[in-house]
Amino acid sequence: MKRILLPMLVAATLSVLVPAGVRAQKISFDLDTTTLAAKAIETVEITLDGELLRLAGRFLATADADEPELGRLLRRLEGIYVRSYTFDSDGAYDSRAIAAVRARIGAGWQKIVNVRSADSDDVEVYTKLAGDRVEGVVIIAAQPRQLTFINIVGPVDLAELSLLEGQFAIPRISKKDAKEK
Amino acid sequence: MTIERELREALRRPEAPPGFASRVVARARAGERGEGGRGRGNAARALAAGVLLALTLGVVGGYRWERRRTAERAAESAVTALRIASEKLNLARQNIHNHAAE
Amino acid sequence: MVIPSALSRAGEGDEAAFARLVVEHERMVYGIALHSLHDRETAEELSQEVFLQLYRSLDAIESPEHLVNWLRRVTANRCIDVARRRRFRLVPLEDVAVAGDAGEWRDPIAARTLARLIGRLPARQRLVIVLRYQEELELGEIAATLSMSVNTVKSHLRRGIEKLRRWLGESAERSDS
């Protein structure tokens with residue numbers, strides 16, 4: 001089943017640049033992560049906010065750092081939260097975990113992307129806007145063998161974030177790749 | 001199978017850096033001296049002052065070093081998080097492209 | 001008459017014996033670290049820390065075989081911890097070791113490409129591949145080293161090789177275009 005929602009809105013949203021001074025929009029990922037982590041063959045749990053996040057941003061923004069742009073991006077943010085679980089078989093996780101996180105995405109959040117691929121990769125992207133400012137982003141990626149929740153708090157530029165592809169050994173998307181799928 | 005042979009060739013054990021073993025032994029020796037050292041004798045006060053100074057410098061230097069290590073680890077986590085976020089965003093973009101191409 | 005081994009003499013504080021143990025096993029430890037982390041500086045630092053941990057744990061090592069297994073396990077687990085946190089750092093191809101006998105012809109470009117692609121795998125898949133093809137361990141030995149089931153090792157190996165094959169194919173296409 002294919003679902004495509006609002007590609008034009010996605011394009012418009014991706015091009016929004018966001019000023020500073022935003023309220024925190026943190027979504028709690030306090031799920032039954034014990035169960036998820038126990039079944040997973042690989043778990044990534046990252047919680048970065050407050051002083052740790054500031055330290056990270058300063059570190060990356062130093063003159064001799066490898067990634068000064070990342071440092072500048074980080075220094076605008078207020079929190080980054082990731083929970084990612086990889087399993088060794090399809091459908092090994094309980095989808096109720098996804099429903100539990102969705103239930104915490106309350107009023108004021110807008111789902112701007114909801115797309116499923118032929119490989120059953122479900123990705124939902126939510127943003128919290130204040131006027132034309134993005135205050136937070138939530139990404140839920142439910143793939144057959146990996147479940148990922150991401151919450152970024154603060155003024156995040158989705159276009160800038162997606163441009164990080166091409167670094168970290170992630171190949172760039174090309175129309176040729178898209179047509180061959 | 002070709003890829004397995006290529007993997008064996010690509011993953012042959014490399015030479016360790018020159019002087020590796022010497023550096024390990026030196027660190028092991030330094031670690032022992034640090035744990036077992038005792039001061040005694042006529043220069044006790046000077047020794048105490050020296051130890052105090054070394055400890056202070058060590059604490060300050062150690063604090064700075066520890067803070068740098070904390071910052072480095074936090075930076076690593078941040079970049080991992082952003083990498084994952086970028087990957088999932090682009091998964092969504094790829095799926096949108098695929099649907100648009102059909 | 002029993003001739004004390006380097007292991008037993010090192011355990012009694014013989015520094016030269018400990019140095020001999022380091023020299024005997026440094027390529028294995030450093031190789032696992034370098035192929036897993038793709039960063040010479042980090043690989044050396046990690047390798048040094050593994051041997052320092054060995055220095056502190058010599059009393060617990062029962063035999064030369066136990067020593068090898070211990071070194072592999074400690075190195076692999078440290079690599080998993082570091083690799084997850086350091087995925088952002090790309091290493092220039094030149095920095096990735098291309099080992100082998102000087103007199104034997106090898107394709108250094110292909111080896112570097114493959115080594116770099118291995119660096120893109122998730123940490124545990126990478127370790128399984130390294131232990132299988134650098135250390136020539138059997139699946140059961142890899143499972144014991146990484147504290148996972150044999151089925152999980154098989155899964156990591158299969159998926160890792162599938163990805164590498166696919167990426168090698170894409171890499172070849174890009175270089176042709």
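On a predicted model such as this, the values are computed, not experimentally measured, just so you know. (Residues numbered from 1 in each chain as written. Chains lettered and ligands numbered in written order. Predicted model: local features only at pLDDT ≥ 70, side-chain atom pairs only at ≥ 80, totals over all residues.)

### Some remarks on the overall build of chain C
Looking only at helices and strands, chain C features eight helices and zero strands. Its helices and strands in sequence order give chain C the pattern α-α-α-α-α-α-α-α, from N to C terminus. Burial statistics for chain C: of 177 residues in total, 40% are counted as buried. (Helix = DSSP H or I, 4+ residues; strand = E, 2+ residues; numbered from the N terminus. Buried ≥ 20, exposed ≤ 12 C-beta atoms within 10 Å, placed from the backbone.)

### Examining the overall build of chain A
A tally of regular secondary structure across chain A gives seven helices and six strands. Reading chain A from its N terminus to its C terminus gives the helix and strand order α-α-β-α-α-β-α-β-β-β-β-α-α. Out of the 181 residues belonging to chain A, those deemed buried represent 35%. In chain A, the share of contacts with a sequence separation of at least 24, taken over all contacts with a separation of at least 6, comes to 66%. (Contact = placed C-beta atoms within 7 Å.)

### Remarks on the environment of Glu 51 of chain A
With respect to the helices and strands, Glu 51 of chain A occurs in helix H3 (residues 50–61). Sequence separation of Glu 51 of chain A and Glu 78 of chain A is 27 residues, and the distance between their C-alpha atoms is 9.6 Å.

### Focus on the sheet that holds strand S2 (residues 79–86) of chain A
All names here are of chain A. With antiparallel pairing, six strands are arranged side by side in an open sheet as S1-S2-S6-S5-S4-S3. The outermost strands of the open sheet, each flanked by one partner alone, are strand S1 (42–49) and strand S3 (109–116). Each strand axis lies, on average, 10 degrees off the axis of its neighbour in the sheet, ignoring direction. Here nine bridges tie strand S4 (residues 122–130) to strand S5 (residues 133–143), and the two strands are oriented antiparallel to one another. (Pairing = 2+ DSSP bridges. Axes fitted to C-alpha atoms, helices over the stretch in contact; angles between N-to-C directions.)

### Focus: the packing of helix H6 (residues 123–133) of chain C against helix H7 (residues 139–146) of chain C
For any two helices packed against each other, the geometry comes down to the angle between their axes and how far apart the axes lie. Residue and element names in this part refer to chain C. The N-to-C vectors of H6 and H7 enclose an angle of 135 degrees; their axes lie 10 Å apart at closest approach. Between H6 and H7, the interaxial angle falls into the category oblique. Considering the relative orientation of H6 and H7, their crossing is right-handed. Judged by residue contacts, Arg 124, Leu 127, Val 128, Leu 131 and Arg 132 of H6 engage Ile 142, Thr 145 and Leu 146 from H7. Looking at the contact of H6 with H7 residue by residue, the classes come out as five nonpolar, one polar and two charged. (Parallel < 35°, antiparallel > 145°, perpendicular 65-115°, else oblique. Left-handed = near helix turned anticlockwise from the far one by under 90°. Nonpolar A, V, L, I, M, F, W, Y, C, P; charged D, E, K, R; others polar.)

### Side note on the nonpolar core
If you look at the biggest cluster of nonpolar residues, it comprises 55 residues, and the most contacted ones within it are Ala 56 and Ile 80 of chain A together with Ala 78 of chain B. Looking at this core, the element that brings in the most residues is helix H3 (residues 44–101) of chain B, giving 13 residues. Setting aside anything within four residues of it in sequence, one finds Ala 56 of chain A in contact with Leu 48 and Leu 74 of chain A together with Ala 71, Ala 74, Ala 75 and Ala 78 of chain B. Ala 21 of chain B together with Ala 43, Tyr 55 and Leu 114 of chain C belong to the second largest nonpolar core, which has 47 residues in total. (Core = buried A, V, L, I, M, F, W, Y, C linked by C-beta atoms within 7 Å.)

### Focus: H7 of chain C
Residues and elements named next belong to chain C. For H7, the complete set of buried residues consists of Ile 142, Thr 145 and Leu 146. Looking down the long axis of H7, one finds its buried residues gathered within 80 degrees of arc, a one-sided arrangement. Just beyond H7, the residue with positive phi is Ser 147, at close to 55 degrees. (Arc of directions from axis to C-beta.)

### Describing unusual backbone geometry
Residue and element names in this part refer to chain C. Backbone geometry places Glu 136, a non-glycine residue, at a positive phi of 55 degrees. Examined against the element boundaries, Glu 136 turns out to sit in the loop between H6 and H7. Backbone geometry at Ser 147 places phi at a positive 55 degrees, although glycine is not the residue there. Mapped onto the elements of the fold, Ser 147 is located in the loop between H7 and helix H8 (150–176). Judged by C-beta crowding, with 10 C-beta atoms within 10 Å, Ser 147 ranks as exposed.

### Some points on the confidence of the model for chain A
All names here are of chain A. Averaged over all residues, the pLDDT of chain A equals 72, while 66% of them reach at least 70. For chain A, helix H7 (residues 175–180) is the element with the lowest average pLDDT, namely 37, and strand S6 (residues 146–153) is the one with the highest, namely 92. Note that pLDDT drops below 50 for residues 1–24; the model gives that stretch 46 contacts with residues more than four away or on any other chain. Note on residues 166–181: pLDDT under 50 across the span, and 23 contacts to partners over four residues away in sequence or across chains. (pLDDT = per-residue confidence, 0-100.)

### A closer look at the pairing of S4 of chain A
Residue and element names in this part refer to chain A. With seven of nine residues buried, S4 lies mostly within the body of the structure. Pairing between S3 and S4: seven bridges, direction antiparallel. Bridged to Gln 110 within S4 is Thr 127. As consecutive antiparallel partners, S4 and S5 are separated by two residues, and within that stretch Gly 131 has a phi angle of approximately 70 degrees, a positive value.

### What to know about the environment of Pro 155 of chain A
Residues and elements named next belong to chain A. Mapping Pro 155 onto the fold places it in the loop between S6 and helix H6 (158–162). Classification of Pro 155 as buried rests on a count of 22 C-beta atoms within 10 Å. Through-space distance from the C-alpha of Pro 155 to that of Val 137 is 8.9 Å; in sequence the pair is 18 residues apart.

### So, the confidence of the model for chain C
Residue and element names in this part refer to chain C. For chain C, per-residue confidence averages 80 on the pLDDT scale, and 76% of positions sit at 70 or higher. Across chain C, helix H2 (residues 15–37) holds the top mean pLDDT of 93, while helix H5 (residues 108–118) sits lowest at 72. When the criterion is pLDDT under 50, residues 87–106 qualifies, and its contacts beyond four places in sequence or with other chains add up to 37 contacts. What the predictor reports for the complex is a pTM of 0.47 with an ipTM of 0.79.

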